[in-house]
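# Structural characterization, general
Each chain is listed here by its residues.
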Amino acid sequence: MVEVIYAKGFEIEDQGNIKVITLKNPWPGTDKTFKYALVKKNSPLKNPENYDAVVEVPVKRIVVTSTTHIPSLEMLNELETIIGFPNLNYISSEKTRTKISEGKISEIGKNEDLNKEILIDLNPDAVIGFAVEGNNSAYSTLRKAGIPVLYNSDWTETSPLGKAEWIKFFGALFDKENEADSIFKNIETEYLSAKKIASEAKETPTVISGAMYKDVWYMPQGGSWGAQFIADANGDYLWKDSEGTGSLSLNLESVLEKGHNADIWIGPGQFTSLGEMKNASQAYSQFKAYKNGKVYSYSMKKGESGGIVYYELAPNRPDLVLKDLIKILHPQLLPDHDIFFFDQLQ
Amino acid sequence: MQTTAAYRVQFMLLLLVLIAAFLLNLSMGSVSIPLDEIISVFIGNGTSKETWRYILMDYRLPKAIMAMIAGGGLAISGLLMQTLFRNPLAGPFVLGLSSGASLGVAFLILGASAFGGFFGTLLLSQWSLVIASALGSFLVLLAVLAVTFRIKDTMAILIIGLMFGSVTTAVVSVLSYFSNAEQLQQYIFWSFGSLGNQSWQGVMTLAICFLAGLGLSIFSSKSLNALLLGENYAKSMGLHIKKTTFIIILATSILAGSITAFVGPIAFVGLAVPHLVRQFYKTSNHLVLMPAVLVCGALLMLICDTVAQLPFSEFTLPINAITSLIGAPVVIWLLVRKRKLFF
């Protein structure tokens, strides 16, 4: 058994000759589970029909479909194995971009409508997909063509360490369980010690988040990944009591009433300057955090082709995100940390 | 036949209801503000909380005015189109105006990645959507006007308007296909319509367009009365059909185009309100119908907005869904009760 502590979406069982990954939460709102068998090359498998996919490990040629999969491969030093990705422009990692410019990674279309011909022609050892619900027709075509498709549901995890722990999923695919385990242990240690430092702060600043589209304000729900970060950084997220793990859609009136005095504003949508915000809506300038210039965005750090680095790397590096937030909320606590993902809007 | 005096009394009552709905709309919302505070803001005294003043004066008031202009203007243009085409199914959007606006907005939001940085920066300005959708409607308007000069038959104009709609829908589909989830969401939310988040400049700009469109409509009310009797009859009364058609289409386009630019495509109001009004005012005189349609449109929109704000909750519903959800059952009920459409 490979130990999985924080992630709720998968289990890995080592049965000697094979390893079995059980995926428990492939997409929200389903009780479906998937079983994937990982077998050594040339070792026969009894009852392959009992598994949703059978993969020969270590995987040599892989297709991944979400930018959140890229950092795991990089950390495990398996970047060489990627041969295809949908919408290459989303990828920000410099190392991976170099491989793209060398033509070593094929564009395979869009995730909702993968180019099946290119994929079948690439003939990868495994395709790591993700599903928002259970009906991606491209995946069933691939399975019929004999290409194993494995879902990765890292995005359904709601705890920062739970998302990062998915590196163990990739560890199993490359026969690198130990490496994955020690990488994760490092991140966990860093995260927990940062959290402990934050908990010693004397003050707990109030925090708002999100921004409006038209007149609807989107912000993370109380049980979400984003809200968890603020809590761990010892911030008082004003909507921490809202239920659910997705995002709230509120109207301006209620956000203004509750949040106009909040100290700090984290993640105001895609905005990259205070002027831009005011241009979009005068209402933003009514908030204390705006007036004091305490607005921090992760949308400004972009990769070469426009992908937002935070979306790609933050799930794998919760320790960095947490330290950034601690530095924003309690600047005196981490004097040596340079903010990585966030920028203070000017 | 009702007498002129009876019409006047009815209209006065309608105005009173509109004022009541306006005050109700201002007083209801997610944040409950005590009545004395509301009065205090409007007579120029301060409030105990600065956010309340902002919510009332810079959020709810422009939203309520926007609702009245949008409702009234769309209803008037619905009336114009139904009379011009002598078709009860016609509405302000039959000429493809809303499709034109959608296309403009789709190019802006969905095309942002394809056309690069310029559109991207444009997108973040408050006016970008307004300008894009106004441009879109305006181009379709030019095309339709060009057609009206070549084609005599109003039905042919109707069909051409629908065809413009199909073409733009197709282009929007192609653009959507190549867009990412975030852009799609932006576009879909635009298509839901939204009265809030308007600046006072926006309200003023729309008000000017609205008055221009309304002036043209009132100017054509006599010709509209004549048109109801058929084109040949209207001609025999000395009506210049092409010129009249041109003015009516221009008025509709200014009204529907500018409203769509500011609040998004709002379905249903334009189609239904003229029918609702005709159920009560059994007359075909546009000088009587027009003020009633104007007030009823404004009233319907205010009520829908009050419902959409779901008073005392933190959530807002899309206005476009509410107009049809509330309006359609009313029209069905009226038709079933009266058993016929007055047209």
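I will try to describe carefully the structure that is included in this document. What you are looking at is a predicted structure, and each value in this text was computed from that prediction instead of being measured.

### Thoughts on the interface of chain B and chain A
At the interface, 31 residues of chain B touch 30 residues of chain A. In total, about 2900 Å² of surface goes out of reach between chain B and chain A, with carbon and sulfur atoms giving 52% of it. Where chain B touches chain A, the interface holds one salt bridge. Elements represented by at least two residues in the side of chain B that touches chain A include exactly α3 (50-85) and α9 (181-192) of chain B. The element that contributes the greatest number of residues to the side of chain B that touches chain A is α3(B), accounting for six residues. Broken down by class, the residue content of the side of chain B that touches chain A amounts to 15 nonpolar, twelve polar and four charged.

### Some remarks on the sheet that holds strand β17 (residues 264-266) of chain A
Residue and element names in this part refer to chain A. Taken in spatial order, the five strands line up as β15-β12-β17-β18-β19 in an open sheet, and their pairing is mixed. In the strand order of this sheet, the two ends are held by β15 (236-237) and β19 (343-344), each with one partner. Across three bridges, strand β12 (residues 206-209) lies against β17 in parallel orientation. From the neighbouring strand, Val207 faces β17, where its bridge partner is Ile264.

### A closer look at the packing of aromatic side chains
Residues and elements named next belong to chain A. All chains considered together, the criterion is met by 30 aromatic pairs over all chains. Between the aromatic rings of Tyr298 and Tyr311, the centroid separation amounts to 5.8 Å while the plane-to-plane angle is 65 degrees, which identifies the pairing as edge-to-face. With a gap of 13 residues between them, Tyr298 in the loop between β18 (295-297) and α12 (309-313) and Tyr311 in helix α12 connect regions that are remote in the sequence. The exposure class assigned to Tyr298 is buried, which follows from its relative accessible area of 17%. Clustering of aromatic rings is evident, with ring pairs tying together Tyr191, Trp225, Phe229, Tyr298, Tyr310, Tyr311, Phe340, Phe341 and Phe342. When the ring centre of Trp225 is taken as origin, the NZ or CZ atom of Lys163, which lies over that ring, is 4.9 Å away. Above the face of the Phe340 ring, Lys301 is positioned so that its terminal group lies 4.5 Å from the ring centre.

The rules behind the values
- Residues numbered from 1 in each chain as written.
- Chains lettered and ligands numbered in written order.
- Predicted model: local features only at pLDDT ≥ 70, side-chain atom pairs only at ≥ 80, totals over all residues.
- Heavy atoms only, no water.
- Contact = heavy atoms within 4.5 Å.
- Buried area = accessible area lost by both parts, 1.4 Å probe.
- Salt bridge = Lys/Arg side-chain N within 4 Å of Asp/Glu carboxyl O.
- Helix = DSSP H or I, 4+ residues; strand = E, 2+ residues; numbered from the N terminus.
- Nonpolar A, V, L, I, M, F, W, Y, C, P; charged D, E, K, R; others polar.
- Pairing = 2+ DSSP bridges.
- Phe/Tyr/Trp six-rings, centres within 6.5 Å; stacked < 30°, edge-to-face > 60°.
- Buried < 20%, exposed > 50% of the residue type's maximum accessible area, 1.4 Å probe, protein only.
- Lys NZ or Arg CZ within 6 Å of the ring centre and 35° of its normal.

Everything listed is a geometric property; what it means functionally is a separate question.
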